[in-house]
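If you want the building blocks of each chain, they are given just below.
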Amino acid sequence: MSTASYAPIPPIQPRAGGPGKDHRVSPRNHGDGLLTKSGAPDGITLHSTFINPLANPKGIKLGCELCGKPAYIQCKDCRVTFYCDKEHQSTDFRGIHQKICSMLIPLRTPITVLGSEEERIHREKQTRHRQIQLLELSKTEAHKKLFEGQYDLAIPAALQALRFSMDVYGQDSIELVPSYLLLGEASIGLKQYPQAEDYLSLAKWAILKAPNCENRIRSQMHRNFGLLYASQGEYGEALAQLAQDIYYASLEKGPENILVLGGFFQLGNVFHKQGKLEQVTTVFDKVVSIWKAALKANVEVLDEAQQAEAVQMLTTIYSYRTNYMTSPTGPAEVNFTLGQLHFIYGRSEKAKEYAAKALEVYEAALGREHSLTIEARNFFKAVVAGLQGSNVAGSGGRGMSGGSLSAGRRKSNMA
């Protein structure tokens, strides 16, 4: 199936000296409202050079990185990325380009000397390694932007992920599905439902053609369809899709693994929209319980996107418990879990703040000798010790920093 079967998809223009591939990747022309146009925020300076398309060498067309239209602006830093206007440059810069600007240079700079066969093979291996590195970085950034609710900025990162997926795996590979799902979720967040349906249809078709597709990918596809239906008010369909999401996630790593949490969290959100607070409470309790156990065990390493996802879930649940639960220990448990998360990943000041809030509530509501209070007190002491070690190290001592403490996985202090 051609990607062009679903939507008007402009080509990514071949770049000067590049391989001249015509990758058709996404419906993102100016008129479809997919990209938010805004100037560069305070503190960010965009380095650009204006170019005249008519002055391009014969046969070379420079297209905008985001929309494929003729480019009039060149990034002055890398000189291999082009835009139709400053707004699209700003969106791309904030979305992904500031992270990958210099990394694009070796991939988009023409090769002037062919070299020997051995040099060519070595160069191809280097290129593939760089493409895979940029693919993973782009996917992580897109996920992070989605969890932070910056859907317009997730688009450029997801587009880069799709480009590199095509470069590495080809245009018909199942490996393109995660990028389609990222673009679909961003489109849902922007309420661009036709685009979302296009991307999800592409993902579903690719999965149908791959009977050995990983359960993780099937899970993510059903979650995105659940998000789409929920956003459109079709809650029955949304719940059915999210149940499939949880099922496939459980098959992948078990019913108590953090992989199931995205489905459960969205399930709770749908129940909340339906006004079914008892079900919301039950589902959110499970989400907090699994996060707390996973962070206490501290076995799985979370990337930036997963950390952002955890913060989003727990912050939402904290707000729900504060507004709908009479017991103060519910929000305190969330604060404790957020403290665990920040402590493990070296943000000890934030960890101390959350741990102190949890300890204060537990002492007032449960007493100093309750098991939850003791657990919170031991955790608070561990955080303070980590901060003191960090201060000693910063002043030239041999103390252990908060980051080193988390890297060492001092689980005993969190028991």
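Throughout this document, residue positions are counted from 1 along each chain, in the order its sequence is written. Under the rules for a predicted model, residues below a pLDDT of 70 receive no local features and side-chain atom pairs below 80 are neither given nor counted, while totals for whole chains, interfaces and linings still include all residues. To get the side-chain values, all heavy atoms of the structure are used, and hydrogens and water are removed first.

Participant: What should I look at first to understand the overall build of the protein in this one?
Facilitator: A run of H or I in DSSP counts as a helix once it spans at least four residues, and a run of E counts as a strand once it spans at least two, with each numbered from the N terminus. Within the protein one finds 14 helices and three strands. Sequence separation of 24 or more characterises 62% of the internal contacts of the protein that already satisfy a separation of 6 or more. In these tables, accessible area is a Shrake-Rupley quantity obtained with a 1.4 Å probe, and a residue counts as shielded only by the protein chains included in the view. Put simply, the protein shows about 19,400 Å² of open surface, and 52% of that area lies on carbon and sulfur atoms. For this analysis, residues touch if any pair of their heavy atoms sits within 4.5 Å.

Participant: Is there a simple way to think about the packing of aromatic side chains in this case?
Facilitator: Two aromatic rings are characterised by how far apart their centres lie and by the angle between their planes. Between 30 and 60 degrees the pair is tilted, below 30 it is stacked and above 60 it is edge-to-face, where a pair is any two Phe, Tyr or Trp rings, Trp via its six-membered ring, whose centres lie within 6.5 Å. For the structure on display, the rule yields seven aromatic pairs. Their ring planes at 85° and their centres at 5.5 Å tell us that F284 and Y320 sit as a pair that is edge-to-face. With F284 in helix α9 (residues 277-297) and Y320 in helix α10 (residues 304-324), this pair connects stretches of sequence that are 36 residues apart. Of the two residues, F284 and Y320, both sit in the buried class. Here the aromatic cluster, defined as three or more aromatic residues joined through ring pairs, consists of F265, F284, Y320 and Y324. Charge over a ring is defined by NZ of Lys or CZ of Arg lying within 6 Å of the ring centre and within 35 degrees of the ring normal. Residue placement shows K204 over the ring face of F225; its charged tip is 5.8 Å from the ring centre. Here the term buried applies to any residue with accessible area under 20% of the maximum for its type, exposed to any over 50%, and partly exposed to those in between, with areas from a 1.4 Å probe on protein chains only.

Participant: What is the right way to read the pattern of salt bridges from this model?
Facilitator: Charged atoms that come close allow side chains of opposite charge to pair. A pairing counts as a salt bridge when a side-chain nitrogen of Lys or Arg comes within 4 Å of a carboxyl oxygen of Asp or Glu. Under the counting rule described, the total for this entry stands at 17 salt bridges. Notably, a salt bridge pairs K286 with E256, separated by 3.0 Å at the nearest N-O pair. In this pair, K286 sits in helix α9 while E256 sits in the loop between α7 (235-253) and α8 (261-273), placing the two residues 30 residues apart along the sequence. Across the pair R321 and D285 runs a salt bridge whose closest N-O atoms are separated by 2.8 Å. Of this pair, R321 sits in helix α10 while D285 is found in helix α9, placing the two residues 36 residues apart along the sequence. Using a relative accessible area of 3% as the deciding quantity, one classes R321 as buried. Salt bridges sharing common partners tie together E65, R108 and R163.

Participant: What's the story with the state of the cysteines in this structure? I'm lost.
Facilitator: Put plainly, two cysteines are in a disulfide when a covalent bond ties their sulfur atoms together. Put simply, a disulfide is two cysteine sulfurs that come within 2.5 Å. For the structure on display, the rule yields zero disulfides. Free cysteine: C75, not disulfide-bonded; nearest cysteine sulfur from C78 at 3.7 Å. The exposure class assigned to C75 is buried, which follows from its relative accessible area of 3%. Take C101: it sits in no disulfide, and the sulfur closest to it among the cysteines is that of C75, at 3.9 Å. Residue classification places C101 among the buried positions, given a relative accessible area of 14%.

Participant: Is there a simple way to think about the nonpolar core in this case?
Facilitator: Where a protein is soluble and globular, its nonpolar side chains tend to be buried together. V177, Y180, L183 and L228 are the most contacted members of the largest nonpolar core, which totals 49 residues. Elements with a contribution of two residues or more to this core: β2 (73-75), α1 (86-108), α2 (117-147), α3 (151-169), α4 (177-189), α5 (193-208) and α6 (215-231). Only buried residues count toward a nonpolar core. Its members are Ala, Val, Leu, Ile, Met, Phe, Trp, Tyr and Cys residues joined through side-chain atoms within 4.5 Å. Counting 34 residues, the second largest nonpolar core, distinct from the first, contains F284, V288, L302 and I317.

Participant: Would you mind going over the layout of surface pockets with me for this structure?
Facilitator: A probe matching the size of a water molecule, rolled over the atoms, marks out where space remains unfilled. Within this scheme a cavity is a closed region of a 1 Å grid, computed over the protein atoms alone, that accommodates a 1.4 Å probe without allowing it to escape, whereas a pocket is open but has protein on both sides within 12 Å along at least five of seven lines; lining residues each have an atom within 4 Å of a point. Grid points are joined across faces, edges and corners, and a volume is the space filled by probe spheres set on the points. By volume, the largest pocket amounts to about 1,200 Å³. Together, 47 residues line the largest pocket, and H143, F147, E185, R223 and E309 are the ones closest to its centre. Elements that contribute at least two residues to the lining of the largest pocket include exactly α2, α4, α6, α8 and α10. All amino acids are sorted into three groups, where Ala, Val, Leu, Ile, Met, Phe, Trp, Tyr, Cys and Pro are nonpolar, Asp, Glu, Lys and Arg are charged, and the leftover types, Gly among them, are polar. The residue makeup of the lining of the largest pocket, split by class, is 20 nonpolar, 14 polar and 13 charged.

Participant: Could you clarify how one ought to interpret the environment of G170 in this entry?
Facilitator: Within the secondary structure, G170 sits in the loop between α3 and α4. Judged by relative accessible area, which is 26%, G170 ranks as partly exposed. Residues contacting G170, with those up to four places away along its chain left out, are S165 and L176.

Participant: Explain the packing of α5 against α6 here, please?
Facilitator: Two quantities define a packed helix pair, namely the angle between the axes and the distance from one axis to the other. Lines fitted to the C-alpha atoms define the axes, with helices restricted to the stretch that makes contact. Angles between their N-to-C directions range from 0 to 180 degrees. With their axes 11 Å apart at the nearest point, α5 and α6 run at an angle of 155° to one another. The angle between the axes of α5 and α6 places the two elements in the roughly antiparallel class. Seen from above, α5 lies across α6 with left-handed handedness. Residues Y193, A196, E197, L200, K204 and I207 of α5 form the contact with α6, whose participating residues are I217, R218, M221, N224, F225, L228 and S231. In the contact of α5 with α6, the residues fall into eight nonpolar, two polar and three charged. What sets the label is the angle itself: under 35 degrees gives roughly parallel, over 145 gives roughly antiparallel, 65 to 115 gives roughly perpendicular, and the rest give oblique. Note on convention: the crossing is left-handed when the near helix lies turned anticlockwise from the far helix by less than a right angle, right-handed when the turn is clockwise.

Participant: Would you mind going over the confidence of the model for the protein with me for this structure?
Facilitator: Segments scoring low in pLDDT should not have their predicted coordinates read at a detailed level. Every residue is assigned a pLDDT by the predictor, reflecting its confidence on a scale from 0 to 100. Residues of the protein with pLDDT of at least 70 account for 80%, and the chain-wide mean is 84. Every residue in residues 1-39 scores below 50 in pLDDT, and together they form 106 contacts with partners more than four places removed in sequence or on other chains.

Participant: Honestly, the environment of N212 in this entry has me stumped. Any pointers?
Facilitator: Note that N212 resides in the loop between α5 and α6. Separated by 38 residues in the primary sequence, N212 and I174 place their C-alpha atoms 9.9 Å from one another.

Participant: Please clarify how the packing of α9 against α10 should be interpreted in this entry.
Facilitator: Look at α9 against α10: their axes get within 11 Å of each other, and the N-to-C directions meet at 140°. Regarding the angle of α9 to α10, the classification is oblique. Pair α9 / α10 crosses with left-handed handedness. The segment α9 lies against α10, with L277, V280, T281, F284, D285, V287, V288 and W291 engaging Q306, A310, M313, L314, I317, Y320, R321 and Y324. Here the residues of the contact of α9 with α10 sort into twelve nonpolar, two polar and two charged.

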